[in-house]
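Listed below, chain by chain, are the residues.
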Amino acid sequence: MLESVTTAIPSKGALSGPDTFNDAEVSPEPPASVVIFGASGDLTARKLVPALYDLCRRGHLASESVIVGAARRDKGTDGFRQEMYEATKEHSDAFDEDHWVRFVDRLHYHRLEFDTPEHYRGLREELKRLEGERGLPGDRIHYMAAAPRFYVPIVEHLDEAGLAKPEDAERWCRVVFEKPFGYDLASAEELNEQVSRYLAEDQIYRIDHYLGKDTVQNIMAFRLGNGIFEPLFNRRYVDHVQITVAEDMGMESGRGGYYDESGALRDVVQNHLLQLLCLVAMEPPAVVGAREIRDEKVKVLSCIRAAGSIDEWAVRGQYGEGELEGDTAPGYRQEDRIPEDSRTETYVALRLQVENWRWAGVPFFLRTGKRLPAKRTQIAVVFKRPPTQYFRTVTCVGDVCSLSAPAANALVFDIQPNEGVHLFLSVKRPGMNMDAHQVDMSFRYDQAFHQKLPDAYERLLVDVMRGDQTLFARSDEIEKAWALVTPVLEHWQQTPPDFPNYPAGSWGPEAADRLFPPTAGWLNEEE
Ligand code: BG6
């Protein structure tokens, strides 16, 4: 029997404006003190304070909340406010002076050398004073936006100063760690162990900003909210999965120093790409909760395998000089702060398998790279073709036409830009012949919702305030991901690369195409 279902589809006019995101009801999150360690850095200026300002503007940040920038430079609260004003103007979604005036009195600055214990005792006094003045209950977020080598010393000193635990059982204290969390498996295990001496796992929020993106959360909503797709997500129907995190950027904004120490495998594969893979491949959790979802992701990470020697399933690349959008682009080794003989990879492609009941035998192709032709993060689930190919697709170049099998069906998640989902189907081309043609049934966020998507950091900061760890990596998740990439890192360290091996503005080294069988390849179509 059909159940009667009432669906309220809001008309365009009924949708709320770009500021509110249609959240059923905006009420401020629990008020808290947020301390940002490394407040003079790029992340604070580009992401954290603009995100907090945008949350305030949209009514999510409680009016009592206080934000304390902690860093070495001696600039005072006025200096910090001025710097954050300039930064927020540049990086906020929708800056306006009136909202800034309402936000700015939450910002304070505390000068702090990361290794000086008295400075933490001073911070505690300062927090108590501000919390007393603003009527705050004493719930605290410590945000590690400093260089990772300071994580452990900061946590140790927080502990010494009585700041690593809540003041009493009614209150909470949460600590957010930016990536990279570790440098390889051994360092990640050590970091987890050292941090766990002072903090319980439920206090620890390891950021992977990809999980804060609405379109990434949509992978689960789409898979589990639509009865027609989930039954197809398995080895019987899926031919392969492709996950791409492509960037046209190179080493702009002074990132060369960090990047050359890191490389694409550590910078994007260990975290963002493997997280995307987990969301596509994981089993439906028993309930939608932080523990259950993270358990399912860990199960996926535990059964990722690769066939053959590392060189057969892992390809690395580094860009040389090339052309991007009509301009000459420098090679990686010519970029600012990059050694002329750098062996750091700026491109990685992997062919992996998730060897479990659902996915056995289905290849997952992952790739990421800098200075590729476009910025695009995309997941393509490519389905098997029908068992009999009755129809053909006609492709004509000038007067020369050729026949080929119709393209396979694909479900494509455009994570960014042009956020949305596409279903590629084969239909009859109009005319006297029975020719097949591929068409795109698509959904675009901007067309369906007429509003900007929130920045990932806004969502993640709200979740820290709420105490929801779903979108943060657990210690075992981090270690499993490092366990996968560490043998590749070690192998590459021992074998000298033949770099550069792809020109800037191309889709990467040719070897990455050879990861596929001859009948398939990367979906690279230009928009
Ligand atoms: C970061 C990496 O984690 O993600 C950067 O360190 C990369 O190198 C960035 O550019 C990509 O994020 P997004 O959100 O722009 O796709």
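Residues numbered from 1 in each chain as written. Predicted model: local features only at pLDDT ≥ 70, side-chain atom pairs only at ≥ 80, totals over all residues. Heavy atoms only, no water.

The number of helices and strands found in the chain is 14 helices and 22 strands. Rg of the C-alpha trace for the chain: 25 Å, near the compact-globule value of 24 Å for 527 residues, within the 12% margin. The principal-axis extent of the C-alpha atoms belonging to the chain is close to 80 × 65 × 45 Å. When contacts within the chain are restricted to residue pairs at least 6 apart in sequence, long-range pairs at least 24 apart make up 77% of them. Summed over all atoms, the accessible surface of the chain reaches about 24,200 Å², with 51% contributed by carbon and sulfur. If the 60 positive side-chain charges of the chain are averaged to one point and the 85 negative ones to another, these points end up 3 Å apart. (Helix = DSSP H or I, 4+ residues; strand = E, 2+ residues; numbered from the N terminus. Rg over C-alpha atoms; globule rule 2.2 N^0.38 Å. Contact = heavy atoms within 4.5 Å. Areas by Shrake-Rupley, 256 points an atom, 1.4 Å probe, with all protein chains shown as cover. Lys, Arg positive; Asp, Glu negative; His and termini not counted. Charge placed at Lys NZ, Arg CZ, Asp CG, Glu CD.)

The tally for this structure, following the rule as stated, stands at two cavities of 30 Å³ or more. For the largest cavity, the calculated volume is near 190 Å³. Taken together, 20 residues form the lining of the largest cavity, with Asp208, Gln270, Asn271, Ala473 and Ile478 sitting closest to its centre. Taken together, the elements giving at least two residues each to the lining of the largest cavity come down to strand E6 (204-207), helix H9 (264-281) and helix H14 (475-494). The element best represented in the lining of the largest cavity is H9, accounting for seven residues. When the residues that make up the lining of the largest cavity are grouped by side-chain class, the tally is 11 nonpolar, three polar and six charged. One number sums up the size of the second largest cavity: a volume of about 60 Å³. (1 Å grid on protein atoms, 1.4 Å probe; cavity = no way out; pocket = protein on both sides within 12 Å on 5 of 7 lines; lining within 4 Å. Points joined across faces, edges and corners; volume = space filled by probe spheres on them. Nonpolar A, V, L, I, M, F, W, Y, C, P; charged D, E, K, R; others polar.)

Right, let's talk about the pattern of salt bridges for a bit. Should the charged atoms of two oppositely charged side chains come close, the side chains can pair. Applying the stated criterion across every chain, the model contains 33 salt bridges. A salt bridge links aspartate 105 to arginine 134; its shortest N-O distance comes to 3.8 Å. Of this pair, aspartate 105 sits in the loop between helix H3 (97-104) and strand E3 (107-111) while arginine 134 is found in helix H4 (residues 117-134), placing the two residues 29 residues apart along the sequence. Classification of aspartate 105 as partly exposed rests on a relative accessible area of 37%. With relative accessibility at 18%, the residue arginine 134 sits in the buried group. For aspartate 267, the salt bridge identified is with lysine 179, shortest N-O distance 3.2 Å. (Salt bridge = Lys/Arg side-chain N within 4 Å of Asp/Glu carboxyl O. Buried < 20%, exposed > 50% of the residue type's maximum accessible area, 1.4 Å probe, protein only.)

The end-to-end C-alpha separation of helix H1 (residues 42-57) is 22 Å, in line with the 22 Å expected for 16 residues at 1.5 Å each. Its axis deflected by about 30 degrees at leucine 48, H1 carries its strongest bend there, up to four residues before the proline proline 50. Taken together, the buried positions of H1 are occupied by Leu43, Thr44, Leu48, Val49, Pro50, Ala51, Leu52, Tyr53, Asp54, Leu55, Cys56 and Arg57. Where H1 terminates, the next one or two residues include glycine 59, which has phi positive at roughly 90 degrees. (Expected span 1.5 Å × (residues − 1). Bend = angle between axes of the 7 residues up to and from the residue.)

Where helix H7 (residues 214-225) contacts H9, the two axes come as close as 9 Å, and the packing angle between them is 10 degrees. One way to sum up the angle between H7 and H9 is to call them roughly parallel. Taking contact as the criterion, the partners of Val216, Ile219 and Arg223 in H7 are, on H9, Leu276, Leu279, Val280 and Ala281. In the contact of H7 with H9, the residues fall into six nonpolar, no polar and one charged. (Axes fitted to C-alpha atoms, helices over the stretch in contact; angles between N-to-C directions. Parallel < 35°, antiparallel > 145°, perpendicular 65-115°, else oblique.)

Read from one edge of the open sheet, seven strands run E3-E2-E1-E4-E5-E6-E21, paired in mixed fashion. Both outer strands of the open sheet, E3 and strand E21 (472-473), are each paired with one neighbouring strand and no more. Relative to strand E1 (residues 33-37), H1 is tilted by about 170 degrees, and along the sheet it contacts E1, strand E2 (66-71), E3 and strand E4 (140-144). (Pairing = 2+ DSSP bridges.)

So, about the packing of aromatic side chains. By the definition in use, this model includes 28 aromatic pairs. Ring geometry for phenylalanine 37 against tyrosine 120: centres 6.3 Å apart, planes inclined by 20 degrees, an arrangement best described as stacked. Residue phenylalanine 37 is found in strand E1, and its partner tyrosine 120 is found in helix H4; the two are separated by 83 residues along the sequence. Residues phenylalanine 37 and tyrosine 120 agree in their burial class; the two are buried. Both rings, one in phenylalanine 443 and one in phenylalanine 449, keep their centres 6.3 Å apart while their planes meet at 90 degrees; by these two values the pair is edge-to-face. Feature note: the residues Tyr53, Tyr85, Phe95, Trp100 and Phe103 constitute an aromatic cluster, connected by ring pairs. Above the ring of tryptophan 172, the side-chain terminus of arginine 174 is found at 3.6 Å from the ring centroid. (Phe/Tyr/Trp six-rings, centres within 6.5 Å; stacked < 30°, edge-to-face > 60°. Lys NZ or Arg CZ within 6 Å of the ring centre and 35° of its normal.)

This part covers the side chain of arginine 294. Within the element layout of this structure, arginine 294 appears in helix H10 (residues 290-302). No salt bridge forms around the buried arginine 294; measuring N to O, its nearest opposite-charge neighbour glutamate 477 is 4.8 Å away. Apart from residues lying up to four places away in sequence, arginine 294 is in contact with Gln469, Thr470, Phe472, Ala473, Arg474 and Glu477.

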